[in-house]
Amino acid sequence: MSHLDDIPSTPGKFKMEKSPFIHNRLRWHWQSSLAKLSFWSFIFLAVILIFFFRSPSSNPNSQDPSRRSLRTYNWGGPAWEKRVRSSARVRSQNGFSVLVTGAAGFVGTHVSAALKKRGDGVLGLDNFNDYYDPSLKRARQALLERSRVFIVEGDINDSALLRKLFEVVAFTHVMHLAAQAGVRYAMENPGSYVHSNIAGFVSLLEVCKSANPQPAIVWASSSSVYGLNSKVPFSESDRTDQPASLYAATKKAGEEIAHTYNHIYGLSLTGLRFFTVYGPWGRPDMAYFFFTRDILKGKSIPIFEAANHGTVARDFTYIDDIVKGCLAALDTAKKSTGSGGKKKGPAQLRVYNLGNTSPVPVSELVRILERLLKIKVKRNIMKLPRNGDVQFTHANISLAQRELGYKPTTDLQAGLKKFVRWYLRFYSDGKRAVE
Ligand SMILES: O=C(O)[C@H]1O[C@H](OP(=O)(O)OP(=O)(O)OC[C@H]2O[C@@H](n3ccc(=O)[nH]c3=O)[C@H](O)[C@@H]2O)[C@H](O)[C@@H](O)[C@@H]1O
């Protein structure tokens, strides 16, 4: 018999000898493949987890600020809805039910507290981004919690959240103060301005226009829309087509967007052009705030100066005056005329300057701080950088005076005194006396 005789005619019928040696080898093979599979699955999972946790959208301390507000927030559920409803409940006759965006911000906190105090229902919304120290925003939140104002954590770009809020509460008014603020930072992170001041505003208006009833909206524009204008004081009827910063351009865009939503959907819209607002609980990115911090640390203070030793000045406006202007704008706002996305008639569209009408040079601001803090300031006079700053601002407030009864009463000296007192108490337990 040749060796070919052992080969079966049909290979499929070939039966392997079951030797113990082969069996063990097979088992070893199988176990080693399983180990390899587990090992690589583990590596794969680890890579996904590392990627997920390092991804900017899920990391609140992300270094990429343009993505800060893409974080996901927890909202919803019966307990959450109960808090929302209770915070927005009106407690005075003919009171409003107001959604305040940017409620953990400087102006937002003050306006929310003032509305709540007079019996209006107030619900805050804020994304607590890290443009400046979020612990200050948390402290403002704690302050509002004591007045029973709840701040929902979320972004104005989150339409589902906004729709939910309007489902739970029939807001009569929206005070829209959430924004990417700051003039100089716009060169560092332009995307964040487009995200908050344009996309975010549109997202809010989309939900407002579809709400039934539609709320009346008062929102924060800026003195920066006057850009490179040289005619002073600035009036609402002046041109606003030469912004000096992207920040100013996004606020100007907001004014045009407001016009569109008023025209198409009958939304009642009032824009307030704030002039360099300052005061207790203020913004650490603003000059008066970080000058105070740096003077206390003995650092030198960069004071901008225009060409040929030209004075740089601002129409600094104290927060309490701004709050009065905001409340007056809400009180005089007429109802939106549309409902459920359909316009039923012409609606109110307004814009007002809220300034102080007495510009003060930055050098004088520093002199006042020097006196209040009793520290000799090391001055560093610098050329006004070309990064969005304008040389001066000065508000004509006659329109706001006439139509809102707006009348600022705090000058820079008195306002800074209150700010410094707050600052020392907040940051150093009031160990240093003022004046
Ligand atoms: O009025 C407004 O609409 C704007 O007011 C402020 O913008 P700004 O007036 O530039 O306020 P600061 O950044 O606090 O600057 C105040 C003054 O100090 C000057 N400055 C700033 C920084 C610095 O290092 N040195 C310095 O002299 C600026 O040129 C300016 O004249 C806010 O930051 C904006 O968000 C707001 O919209």
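Here is a short report on the structure shown in this document. (Residues numbered from 1 in each chain as written. Predicted model: local features only at pLDDT ≥ 70, side-chain atom pairs only at ≥ 80, totals over all residues. Heavy atoms only, no water.)

### A look at the overall build of the protein chain
Next, step 1: A tally of regular secondary structure across the protein chain gives 12 helices and 13 strands.
Next, step 2: Counting the 435 residues in the protein chain, one finds 50% classified as buried.
Next, step 3: Across the protein chain, the fraction of contacts at a sequence separation of at least 24, relative to all contacts at a separation of at least 6, is 81%.
Next, step 4: For the protein chain, the accessible surface area stands at approximately 22100 Å², while carbon and sulfur atoms represent 57% of it. (Helix = DSSP H or I, 4+ residues; strand = E, 2+ residues; numbered from the N terminus. Buried < 20%, exposed > 50% of the residue type's maximum accessible area, 1.4 Å probe, protein only. Contact = heavy atoms within 4.5 Å. Areas by Shrake-Rupley, 256 points an atom, 1.4 Å probe, with all protein chains shown as cover.)

### Digging into the pairing of strand β4 (residues 173–176)
Next, step 1: Every second residue of β4 is oriented toward a common face, with His 173 and Met 175 on one face and Val 174 and His 176 on the other, all of them buried.
Next, step 2: The pairing of strand β1 (residues 97–101) with β4 spans four bridges and is parallel. By the bridge assignment, Thr 101 is partnered in β4 with His 176.
Next, step 3: For β4 and strand β5 (residues 216–222), the ladder comprises four bridges, and the chain directions are parallel. Bridging from a neighbouring strand, Val 174 pairs with Ile 217 of β5.
Next, step 4: Crossover handedness for the path β4 to helix α6 (residues 190–210) to β5: right-handed. (Pairing = 2+ DSSP bridges. Right-handed = clockwise from strand over helix to strand, strands pointing away.)

### Brief notes about the sheet that holds strand β2 (residues 121–126)
Two strands in a sheet stick together by hydrogen bonds in their backbones, pointing the same way (parallel) or opposite ways (antiparallel).
Next, step 1: Ordered by their spatial adjacency, seven strands build an open sheet running β3-β2-β1-β4-β5-β6-β11, and the pairing between neighbours is parallel. Looking at the sheet topology across the chains shown, the edges are occupied by β3 (150–153) and β11 (349–354). Put simply, the sheet's adjacent strands are angled 20° from each other on average, direction ignored.
Next, step 2: Sheet topology note: the β5/strand β6 (residues 269–274) ladder contains six bridges and is parallel. By the bridge assignment, Trp 219 is partnered in β6 with Gly 271.
Next, step 3: In the packing of helix α7 (residues 246–265) onto the sheet, the strands contacted are β5, β6 and β11, and the crossing angle to β5 comes to about 155°. (Axes fitted to C-alpha atoms, helices over the stretch in contact; angles between N-to-C directions.)

### Topic: the pairing of β1
A regular strand carries its side chains on alternate faces of the sheet.
Next, step 1: By the criterion of burial, β1 is predominantly enclosed, with five of the five residues buried.
Next, step 2: Burial of the side chains of β1 extends over both faces: Ser 97, Leu 99 and Thr 101 are buried on one face and Val 98 and Val 100 on the other.
Next, step 3: For β1 and β2, the ladder comprises five bridges, and the chain directions are parallel. The residue bridging Ser 97 from the neighbouring strand is Gly 121, located in β2.

### Considerations on the layout of surface pockets
Next, step 1: If you add up the space inside the second largest pocket, you get close to 400 Å³.
Next, step 2: Taken together, 18 residues line the second largest pocket, and the ones lying closest to its centre are Ala 306, Leu 384, Asp 389, Val 390 and Gln 391.
Next, step 3: A class-by-class count of the residues in the lining of the second largest pocket yields eight nonpolar, six polar and four charged. (1 Å grid on protein atoms, 1.4 Å probe; cavity = no way out; pocket = protein on both sides within 12 Å on 5 of 7 lines; lining within 4 Å. Points joined across faces, edges and corners; volume = space filled by probe spheres on them. Nonpolar A, V, L, I, M, F, W, Y, C, P; charged D, E, K, R; others polar.)

### Here we look at the pattern of salt bridges
Next, step 1: Enumeration according to the criterion identifies 20 salt bridges in this entry.
Next, step 2: Between Glu 370 and Arg 379 there is a salt bridge, and its shortest N-O distance comes to 3.0 Å.
Next, step 3: For Glu 370, a relative accessible area of 15% corresponds to the buried category.
Next, step 4: Residues joined in a network through salt bridges with shared partners are Glu 81, Arg 85, Lys 164 and Glu 167. (Salt bridge = Lys/Arg side-chain N within 4 Å of Asp/Glu carboxyl O.)

### Here we look at helix α8 (residues 287–296)
Next, step 1: All of the buried residues along α8 are Tyr 288, Phe 289, Phe 291, Thr 292, Asp 294 and Ile 295.
Next, step 2: On the buried face of α8, the contacting elements are α3 (106–117), α4 (134–146), β7 (277–278), β8 (300–305), α10 (362–373) and α12 (412–428).
Next, step 3: Phi for Gly 298, located one or two positions after α8, is positive at around 80°.

### Considerations on the site of the ligand
Next, step 1: The ligand sits among 24 residues. The nearest are Arg 184, Ser 222, Ser 223, Tyr 247 and Arg 314.
Next, step 2: Contact distances for the ligand include 2.8 Å between an oxygen atom and a backbone N or O atom of Ala 287.
Next, step 3: In this structure, Pro 302 approaches the ligand through a main-chain N or O atom, which is 2.8 Å from a nitrogen atom.
Next, step 4: Starting from 690 Å² of accessible surface for the ligand in isolation, the protein chains cover 95%.
Next, step 5: At the level of secondary structure, the elements contributing two or more residues to the shell around the ligand comprise α8 and β8.
Next, step 6: Broken down by class, the residue content of the shell around the ligand amounts to 15 nonpolar, five polar and four charged. (Near = heavy atom within 4 Å. Polar contact = N/O pair within 3.5 Å; in protein donor to acceptor, adjacent residues only side chain to side chain.)

### Some remarks on unusual backbone geometry
With the exception of glycine, most residues fall at negative phi, and the peptide bonds are largely trans.
Next, step 1: Of note, the bond from Asn 212 into Pro 213 is cis; its omega dihedral lies within 30 degrees of zero at 5°.
Next, step 2: Even without being a glycine, His 309 presents a positive backbone phi close to 60°.
Next, step 3: His 309 gets classed as exposed once you look at its relative accessible area, which sits at 66%.
Next, step 4: The phi dihedral of Lys 374 falls on the positive side, at around 55°, and the residue is not glycine.
Next, step 5: Within the secondary structure, Lys 374 is located in the loop between α10 and β13 (378–383).

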